[in-house]
Structures are given as structure tokens and as C-alpha cells.
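Observations on the three-dimensional arrangement
Now for the letters of each chain:
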Amino acid sequence: MIKRFSVKETNKIIDKIIENDEILFKAEIVNKRGKALDSDLSYSEIIAKRLLTKHHYIEHLKSQRKHINGTPYGIASHDGTSLNPTLFGLVEQQRVSIALYNRKNLGSLGVAIDYLVPIYHTEMNEELGVIDLVSYNKELSTLYVTNYLYNDEKKTTLLQSSLEIITLKEVINEGAFVAAYLPYIKAIDEEVAFDEIKIVPSLLFFEGSYQDRALTRLHETPHVVDIIESTGIIISILATHLMIIDDIEFTDPTSLSPYRPQIHYEPTIQQREINIEDL
């Protein structure tokens with residue numbers, strides 16, 4: 001039986017996580033769906049309100065210590081291939097990330113320049129999380145750091161996915177991050193100046209997914225909207241079903257020949273506008 005919590009209990013759980021300086025977006029309560037035991041409010045809305053009004057959590061994230069200079073972000077071995085296809089099942093986000101990178105054109109998110117970028121704790125003793133895609137939009141001089149959800153069965157909430165991508169983005173040393181990708185950016189936009197390049201957190205959802213449907217109910221979660229708006233998160237929708245093929249050059253899983261996940265056709269990615277006045 002799924003355990004339900006009251007508003008007070010939910011707030012106490014969040015207070016304890018903050019007090020213990022735990023990684024908030026990894027907490028089970030942050031991804032809890034449904035409504036509180038004694039309220040018509042969803043857990044996401046209760047938690048978002050607590051974070052904003054008591055803990056000023058977004059300000060806390062933005063003020064935290066960044067990665068030290070010289071932290072390696074780009075990975076030279078990222079060439080769109082993998083040596084072990086058995087690691088990537090059909091519904092694995094990692095496999096889709098490589099396929100989207102190989103397609104390059106990500107619509108409003110620009111051109112893909114990296115994938116599966118690990119981000120570490122400030123102390124560098126453990127991995128905090130992974131940025132699924134890094135892309136550059138020439139028209140906006142913007143470097144997007146994007147996380148997306150491929151497996152709809154997980155039903156990850158907007159609150160959890162928003163807190164995850166903004167946590168990863170705010171840990172980044174932005175100067176070092178831009179510098180790491182500058183050669184790739186210059187290949188796309190040779191005229192752009194270093195200090196003009198912005199880093200923007202981004203979420204990518206599939207059309208008709210649990211997250212896409214949640215976007216139609218944002219009027220029920222105004223504090224979740226406040227988190228999305230105050231952090232500048234861009235939400236985009238992948239409006240086509242991905243048909244992924246693998247150019248596999250072997251049948252033996254132990255072979256050292258690489259394979260390259262591919263998408264049959266150009267994916268349609270469009271930014272989803274959130275009009276606060278209509279909520």
C-alpha cells in the first residue's frame with residue numbers, strides 16, 4: 001500500500017532533508033504523485049511552496065559554491081558510439097541521448113554538441129547527476145543543458161525534473177563550462193563573443209507523456225510554476241515518436257567494434273510556452 005502523508009508530515013520531511021543538506025531532487029518525497037492526506041493540494045505544490053517560502057531554496061542553489069576551475073566537462077571520447085550495446089536497452093535514456101546527439105539538429109534547442117555529461121559534487125567525491133544533452137542555439141547565443149525523460153513508465157514529476165536540472169546547472173562553473181565547449185560553439189557561430197554566451201537549463205519531454213500532460217494542469221501548482229519561472233528553465237516537447245536503429249557491426253557482445261544509435265528522421269522539437277497569466 002502506498003503511504004500517504006499530511007501537509008504537516010510532508011513539510012517535516014522536506015525540512016529534515018534541507019537541515020541535513022541532502023540532495024533534494026534525489027529524495028523520494030520530491031517525486032511523490034497525488035494529493036496529501038488532508039488536502040486537495042498535490043505533494044509537488046506543497047513541497048514547492050515550502051521550498052520557496054521557508055527555505056528560499058532557489059536562492060540557496062544559486063549561491064552555492066561552484067566547480068573549481070579546470071573541472072573537465074567535455075569528454076573527448078564522446079563520438080556518438082558505444083562499445084557495449086548490451087548496456088543500452090530500447091527504453092534507456094542513455095541510448096536515446098546518443099541517438100539525438102548523432103542527429104545534431106535539435107530544433108529550438110539548436111545543435112547537439114555533447115551528451116551524458118557527468119556533474120560532480122563540489123567536493124568532487126561523487127557524481128551528483130548527468131546532463132543528458134548539451135546544445136547550442138546560434139540565434140540566441142545560448143548553450144542549453146538539457147535533461148529529458150524517455151521512459152514514461154517512471155512518471156517523474158515536473159517538480160523533481162525541474163529541481164534536478166537546475167541543481168546540475170547551478171553547480172557548474174559557467175566560465176569553465178563555456179570554455180570547454182567553445183571550439184564546438186565557434187564551429188557553429190564563429191562571430192560570437194565568449195561573454196555573450198548564456199547557459200540555460202532545459203527540460204525535454206515527449207508529446208503526450210506524463211510530463212506533457214502535467215503541463216496542462218499547471219494552474220493547480222502555481223509554486224511549481226514559480227520554480228520553473230524563477231530559474232529560467234526552458235521546456236520543450238519532442239513531437240515525434242523516436243524510431244531508433246543501431247548500426248551494429250557485430251553479433252558478438254564482446255566485440256570491440258563500436259555501434260552508433262541513429263534516429264530514422266529529423267525529430268521535431270518545439271519550445272512549450274508557459275503563459276502565467278492564463279493559469
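Everything below is about the structure shown above.
This part takes up the overall build of the protein. In terms of helices and strands, the protein carries eight helices and eight strands. By residue count, 51% of the 279 residues in the protein fall in the buried class. Considering only contacts within the protein whose residues lie at least 6 apart along the sequence, 71% involve residues at least 24 apart. With the model as given, the accessible surface of the protein reaches about 14000 Å², and the carbon-plus-sulfur share is 50%.

Another aspect to go through is the environment of Ile263. The topology assignment puts Ile263 in strand 7 (residues 260-263). Judged by its relative accessible area of 5%, Ile263 is buried. Sequence separation between Ile263 and Leu100 is 163 residues, and the spatial gap between their C-alpha atoms is 7.2 Å.

Further remarks concern unusual backbone geometry. Even without a glycine there, the phi angle at His56 is positive, about 45 degrees. Along the chain, His56 turns up in the loop between helix 2 (43-53) and helix 3 (57-63). The exposure class of His56 is partly exposed, given its relative accessible area of 43%. One non-glycine residue, Leu116, lies in the positive phi region at around 50 degrees. Among the secondary structure elements, Leu116 is positioned in strand 1 (residues 111-120). Its relative accessible area of 16% is what places Leu116 among the buried residues.

This part takes up helix 5 (residues 158-171). With 14 residues, helix 5 extends 20 Å from end C-alpha to end C-alpha; this agrees with the ideal 20 Å at 1.5 Å per step. Helix 5 sits mainly inside the fold: 14 of its 14 residues count as buried.

The next point concerns the packing of helix 1 (residues 7-19) against helix 2. Between helix 1 and helix 2, whose axes approach to 10 Å, the crossing angle comes to 50 degrees. When the interaxial angle is binned, helix 1 and helix 2 end up oblique. Where helix 1 crosses over helix 2, the two elements pack in a sense that is right-handed. Along the contact surface, helix 1 presents Val7, Thr10, Asn11, Ile14, Asp15 and Ile18, while helix 2 presents Tyr43, Ile46, Ile47, Arg50 and Leu51. Partitioning the contact of helix 1 with helix 2 into residue classes produces seven nonpolar, two polar and two charged.

Tracing the backbone shows Thr221 in the loop between helix 7 (210-214) and helix 8 (222-231). Other than its neighbours up to four places away in sequence, Thr221 contacts Ser42 and Glu45.

The subject of this paragraph is the packing of aromatic side chains. Tallied over the entire structure, the rule returns three aromatic pairs. Considering the side-chain rings of Tyr101 and Tyr115, the 4.7 Å spacing of their centres and the 55 degrees angle between planes classify their relative orientation as tilted. Of the two residues, Tyr101 is situated in helix 4 (residues 93-103) and Tyr115 in strand 1; the sequence distance between them amounts to 14 residues. Summarising the burial analysis for this pair, Tyr101 and Tyr115 share the class buried. Ring pairs connect the aromatic residues Phe177, Tyr181 and Tyr184, which therefore count as one cluster. Positioned over the ring face of Tyr43 is Lys32, at 5.3 Å from the centre of the ring. The ring of Tyr101 carries Lys104 above its face, with NZ or CZ at 3.5 Å from the centroid.

Considering all chains together, one arrives at four salt bridges under this definition. Glu170 is the partner of Lys169 in a salt bridge, and the nearest nitrogen-oxygen pair spans 3.4 Å. Glu170 carries the same exposure label as Lys169, and that label is buried. Residues Asp212 and Arg272 are paired through a salt bridge, measuring 3.0 Å at the closest nitrogen-oxygen approach. One end of the pair, Asp212, is in helix 7; the other, Arg272, is in the segment after strand 8 (269-271), with 60 residues separating them in the sequence. By sharing partners, the salt bridges in this structure join Lys169, Glu170 and Glu174 into a single network.

Of note, Ser202 is situated in strand 4 (residues 198-206). In terms of polar contacts, Ser202 uses its side chain to reach the side chain of Thr146, at 3.1 Å. The residues contacting Ser202, other than those within four sequence positions of it, are Leu109, Tyr144, Val145, Thr146, Asn147, Ile165 and Ile234.

About the criteria used
Residues numbered from 1 in each chain as written. Predicted model: local features only at pLDDT ≥ 70, side-chain atom pairs only at ≥ 80, totals over all residues. Heavy atoms only, no water. Helix = DSSP H or I, 4+ residues; strand = E, 2+ residues; numbered from the N terminus. Buried < 20%, exposed > 50% of the residue type's maximum accessible area, 1.4 Å probe, protein only. Contact = heavy atoms within 4.5 Å. Areas by Shrake-Rupley, 256 points an atom, 1.4 Å probe, with all protein chains shown as cover. Expected span 1.5 Å × (residues − 1). Axes fitted to C-alpha atoms, helices over the stretch in contact; angles between N-to-C directions. Parallel < 35°, antiparallel > 145°, perpendicular 65-115°, else oblique. Left-handed = near helix turned anticlockwise from the far one by under 90°. Nonpolar A, V, L, I, M, F, W, Y, C, P; charged D, E, K, R; others polar. Phe/Tyr/Trp six-rings, centres within 6.5 Å; stacked < 30°, edge-to-face > 60°. Lys NZ or Arg CZ within 6 Å of the ring centre and 35° of its normal. Salt bridge = Lys/Arg side-chain N within 4 Å of Asp/Glu carboxyl O. Polar contact = N/O pair within 3.5 Å; in protein donor to acceptor, adjacent residues only side chain to side chain.

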